[in-house]
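Geometric and topological summary
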Amino acid sequence: MDFELRAAREKLEREQRERKAKAKAKLEKERKAKAEAARQRDAIEAVHRTRRIDAASALLQAEQQMEENLLIGKGVVFSRILEASLCEGYGDKIKLPPSCFSELSEQGALDKGPMYFRLSKVDNHASSGSDISGHTPGRTYSGVLEFTASEGYVELPPHVWNNLFLGDRPDVPLVDVCYVSLLKGTYAKLQSEDTSFFDVPNHKAVLETTLRRHATLSQGDIITVNHGELVYRLRVLDLKPAASVSVLETDIQVDIEGVYSDSNGNKNQYTLIPLVLGKSESGTVEEGKFNYYKFSIEDNMREEVASGTANLEVRIEVDSCDGDTNVYVSRHPLVFPTPHLHEWSSHEMGSKRLILNQRDPSMVAGTYSIGVFGFKGLTRYSISVVLNNNNVHKVGEQANSSYQTDMDSSECRNCRHLISNRTLMLHEAYCIRHNVLCQHDGCGIVLKKEEAENHAHCTKCGRGLSQGEMEKHMKVFHEPIHCSCGIMLEKEDMVQHQTSQCPLRLIACRFCGDMVQAGSLAVDARDRLRGLSEHESICGSRTAPCDSCGRSVMLKEMDIHVIAVHQKS
């Protein structure tokens with residue numbers, strides 16, 4: 001009996017424990033289910049909350065962007081993402097599609113004056129910060145040239161393209177074009193890539209010609225300045241009153257600082273090395289290459305040369321007999337003389353002496369350039385410019401000497417020189433034994449008999465030369481040369497052609513001061529009578545206020561206006 005009771009009790013206790021365990025497990029399961037439901041509910045609420053925040057942030061950003069566009073565009077909101085393409089042209093004026101013109105005109109942008117645009121490179125990986133110069137990479141500003149681009153495209157000139165993409169060529173160059181309003185610039189500080197830019201005469205006038213093609217300037221941008229065949233690069237360091245300004249219809253003060261270091265290592269090929277009078281400089285020049293030097297003539301030196309008491313001599317001492325050079329000298333504004341554009345030249349073999357004296361009408365005070373051209377091989381040389389004093393006799397001595405020469409001299413039968421009668425017989429005896437007179441028509445050079453065999457005359461021009469100089473003479477003076485305008489001439493004719501006839505010749509414009517291509521004859525007959533070139537006829541059509549009356553007058557009519565209206569000569 002006790003055994004049965006004990007078994008029943010154990011069974012009852014076991015059943016109670018199992019029921020308790022099941023109840024506990026059920027409670028734990030319900031608790032976990034409630035916890036999971038609460039977690040899922042919190043996660044769903046968090047997602048909805050994030051979406052609401054993102055939507056609110058996007059709405060706020062859109063409103064801020066709209067307000068910013070309204071502010072920078074002064075009520076005109078225009079922003080397009082277009083694919084960029086490179087086009088030919090100068091300056092910073094871009095081409096937009098016709099639909100942009102319709103959208104801008106509907107908002108009255110044409111009534112607000114010149115239109116300016118902020119161009120931003122669309123690149124998700126690009127940094128939005130600025131560099132140390134304050135320039136934002138992948139962003140620049142521009143004006144507009146015309147609305148003739150294809151739909152969906154914006155055409156960028158090289159200046160805008162290079163500053164926007166920094167030399168890169170993306171697969172799909174997308175650009176965000178946004179209409180903006182810019183303040184007129186009052187001050188700009190630029191920095192040249194190399195010192196040779198300061199050798200350009202009136203370089204500020206040259207820079208003004210370049211800026212005339214621009215509508216905007218942006219801090220950090222690179223400006224390309226063309227001067228004849230030369231190309232200079234200047235970086236915009238500082239602008240006032242803002243980091244990006246308009247340069248249209250405004251007077252802007254420009255300061256140009258020294259050189260900056262270009263990461264690409266690009267340096268101008270042409271550099272003028274200064275020469276000190278009387279001091280020699282050494283150098284080497286390869287065949288077909290130029291080395292350039294410069295020196296200055298002061299007013300007192302010009303007076304000495306003009307009076308005949310001194311002459312200016314350019315000396316080239318060649319250290320190697322294997323190579324040879326030619327020397328060309330020019331006066332600024334022709335900065336870099338060439339074989340076809342120069343005022344003085346020397347083509348002798350070996351060392352050279354080029355004398356600039358009072359008989360040269362081009363001798364004036366100013367800066368001069370020397371071009372040493374490598375004609376043959378690698379030539380080592382030393383160059384110097386020396387002011388030599390001439391031996392000036394007294395007036396009485398000159399008159400006495402002249403009188404005696406006229407009265408007591410006779411002509412030598414061999415060399416045809418006037419010789420004193422007292423020594424005529426001795427001179428003729430010596431002269432006939434050792435000297436011979438060249439019988440070539442128009443030559444008349446007296447040569448030593450041992451040199452006569454080496455003396456020859458050019459078959460084309462008749463110039464007397466040694467046999468060793470004949471090859472160089474034929475190559476320099478008689479080898480046909482192609483001009484860029486298409487004509488082919490020999491050297492002397494080419495010099496005359498490129499000096500006064502070639503439409504591609506460089507001239508100093510009397511209105512802008514820049515070295516520009518002359519072009520063909522002016523279209524206007526009055527301008528042709530005034531001797532204006534095609535460029536000067538167009539450049540002189542710009543107006544400027546008269547200093548006396550303030551009236552706007554064309555630059556080419558200013559002299560007539562001053563004489564006719566203000567009676568000033």
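The shown structure was predicted, so the numbers you read here are calculated from the model rather than taken from an experiment.

From N to C terminus, the chain includes 13 helices and 33 strands. A buried classification covers 37% of the 569 residues belonging to the chain. Long-range pairs, those at least 24 residues apart, make up 64% of the contacts in the chain with a sequence separation of at least 6. When the accessible area of the chain is evaluated, it comes to approximately 33800 Å², of which 51% is carbon and sulfur surface.

Reading across from one edge, β14-β21-β16-β19 is the order of the 4 strands in this open sheet, with antiparallel pairing throughout. Looking at which strands have only one partner, the edges of the open sheet turn out to be β14 (281-285) and β19 (352-356). Direction aside, the axes of adjacent strands within the sheet are offset by 25 degrees on average. Here helix α5 (residues 299-307) sits on the sheet in contact with β16 (310-318), β19 and β21 (379-389), set at roughly 100 degrees to β16.

Turning to the pattern of salt bridges, a few remarks are in order. This model, assessed by the stated rule, comprises 17 salt bridges. The salt bridge partner of R39 is E36, with a shortest N-O separation of 2.3 Å. With R39 and E36 both in helix α1 (residues 2-72), this residue pair falls 3 residues apart, about one helical turn. What makes E36 partly exposed here is its relative accessible area of 32%. As a salt-bridge pair, D527 and R530 come within 3.4 Å of each other at their nearest N and O atoms.

Quick look at the sheet that holds strand β13 (residues 272-274) now. Spatial strand order, β13-β15-β20-β17-β18: 5 strands in an open sheet with mixed pairing. In this open sheet, the two strands that pair with only one neighbour each are β13 and β18 (344-346). Neighbour-to-neighbour, the strand axes of this sheet turn through a mean angle of 25 degrees, independent of strand direction. Alignment of strand β17 (residues 324-331) against β18, held across 3 bridges, turns out to be antiparallel. Residue pairing for β18: V329 is matched across the bridge by W344. Packed onto the sheet, helix α9 (residues 467-477) meets β17 and β20 (366-376) and runs at close to 40 degrees relative to β17.

With that settled, consider the nonpolar core. By size, the foremost hydrophobic cluster in this structure holds 24 residues, and its most contacted members are L217, V225, Y232 and F336. A per-element tally of this core places strand β10 (residues 230-240) first, with 5 residues. Aside from chain neighbours lying at most four places away, what touches V225 is F197, V206, L207, T210, L230, V231, Y232 and L234. The next biggest cluster of nonpolar side chains, apart from the first, holds 23 residues, and it includes L82, C100, M115 and L164.

Note on placement: G444 falls in the loop between β24 (435-437) and β25 (446-448). When the C-alpha atoms of G444 and G464 are compared, they prove to be 9.6 Å apart, with 20 residues separating the residues in sequence. Residues within four places of G444 in sequence aside, it is in contact with L437 and C438.

Moving on: a negative patch on the surface. Residues E298, D299, E303 and E304 make up a contiguous surface patch of negative charge. Position of E304 relative to the elements: it lies in helix α5. Relative accessible area serves as the criterion here: at 31%, E304 is assigned to the partly exposed category.

With that settled, consider the packing of aromatic side chains. A complete count under the given rule lists 12 aromatic pairs for this structure. Note on F290 and F373: the rings are 5.0 Å apart at their centroids and 45 degrees apart in plane angle, and the pair reads as tilted. Of this pair, F290 sits in strand β15 (residues 290-297) while F373 is found in strand β20, placing the two residues 83 residues apart along the sequence. The exposure class of F290 is partly exposed, given its relative accessible area of 23%. Their ring planes at 15 degrees and their centres at 5.5 Å tell us that F295 and Y368 sit as a pair that is stacked. With a gap of 73 residues between them, F295 in strand β15 and Y368 in strand β20 connect regions that are remote in the sequence.

Attention shifts here to the side chain of S346. Here S346 shows up in strand β18. Among the residues examined, S346 registers a relative accessible area of 6% and is labelled buried. When sequence neighbours within four positions are dropped, the list of residues in contact with S346 reads N326, V327, K352 and L354.

Next up on the list: the pairing of β10. With 6 bridges connecting them, strand β7 (residues 187-192) and β10 associate as antiparallel partners. Its bridge partner lying in β10, S192 is registered against L234. Relative to β10, strand β9 (residues 222-227) runs antiparallel, the two sharing 6 bridges. Note on β10: the bridge partner recorded for N226 is V231.

For the peptide bond that leads from K240 to P241, omega is 15 degrees, which places it in the cis range. Mapped onto the elements of the fold, P241 is located in the loop between β10 and β11 (244-246). Of note in this structure, E249 is not a glycine but carries a positive phi near 55 degrees.

Attention now moves to the pairing of strand β6 (residues 174-180). Every regular strand shows the same layout, with side chains that alternate between the two sheet faces. Within β6, 5 of the 7 residues are buried, which leaves the element mostly enclosed by the surrounding structure. Sheet analysis places strand β1 (residues 79-86) next to β6, joined by 5 bridges and oriented antiparallel. The residue of β6 that forms the bridge with E83 is L174.

This part takes up helix α3 (residues 158-165). Counted residue by residue, α3 has 6 buried out of 8 residues, so it is predominantly covered. Turning to α3, its buried residues are H159, V160, W161, N163, L164 and F165.

Right, let's talk about helix α10 (residues 491-500) for a bit. Three or more residues of α10 are buried, namely K491, M494, V495, H497 and Q498. In a view along the axis of α10, the buried residues occupy a sector of 165 degrees, so they form one face of it. On its buried side, α10 packs onto α9, β28 (481-482) and β29 (488-489).

Moving on, we get to the confidence of the model for the chain. Mean pLDDT for the chain: 81, with 88% of residues reaching 70 or above. Note that residues 130-134 has pLDDT below 50 and, in this model, 8 contacts with residues that lie over four places away or in other chains. Within the model, pLDDT remains below 50 along residues 262-267, and this stretch shows 6 contacts once partners closer than five positions in the same chain are excluded.

Rules used in this analysis
The written sequence of each chain sets the order in which its residues are numbered from 1. Confidence filtering applies because this is a predicted model: local features only for residues at pLDDT of at least 70, side-chain atom pairs given and counted only at 80 or more, and all residues used for totals across whole chains, interfaces and linings. Heavy atoms from the whole structure form the basis of all side-chain values; hydrogens and water molecules are not counted. Each helix corresponds to a stretch of at least 4 residues labelled H or I by DSSP, and each strand to a stretch of at least 2 residues labelled E; elements are numbered beginning at the N terminus. Burial classes follow relative accessibility: with a 1.4 Å probe on protein chains only, a residue under 20% of its type's maximum area counts as buried, one over 50% as exposed, and anything between as partly exposed. Whether two residues are in contact is decided by their heavy atoms, any of which lying within 4.5 Å being enough. Computed with the Shrake-Rupley method and a 1.4 Å probe, the accessible areas treat only the protein chains shown as cover for residues. Pairing between two strands requires that DSSP report at least two bridges joining them. Here an axis means a line fitted to C-alpha atoms, over the contact stretch when the element is a helix, while the angle between two N-to-C directions is reported on a 0 to 180 degree scale. Whenever Lys or Arg places a side-chain nitrogen within 4 Å of a carboxyl oxygen from Asp or Glu, that contact is recorded as a salt bridge. Throughout, nonpolar core names a set of buried Ala, Val, Leu, Ile, Met, Phe, Trp, Tyr and Cys residues whose side chains join them through atoms within 4.5 Å. To count toward a patch, a residue needs a relative accessible area above 30% and no salt bridge. Like charges then connect within 9 Å, nonpolar side chains (Val, Leu, Ile, Met, Phe, Trp, Tyr) within 5 Å. The charge count treats Lys and Arg as positive and Asp and Glu as negative. His and the chain ends do not count. All charge positions are set by atom: Lys at NZ, Arg at CZ, Asp at CG, Glu at CD. Ring geometry is summarised as follows: Phe, Tyr and Trp rings, the Trp one being its six-membered ring, pair when their centres sit within 6.5 Å, and such pairs are stacked at plane angles under 30 degrees, edge-to-face over 60 and tilted between the two. It is the directions from the helix axis to the C-beta atoms whose arc is reported. pLDDT is defined as a per-residue confidence score from the predictor, taking values between 0 and 100.

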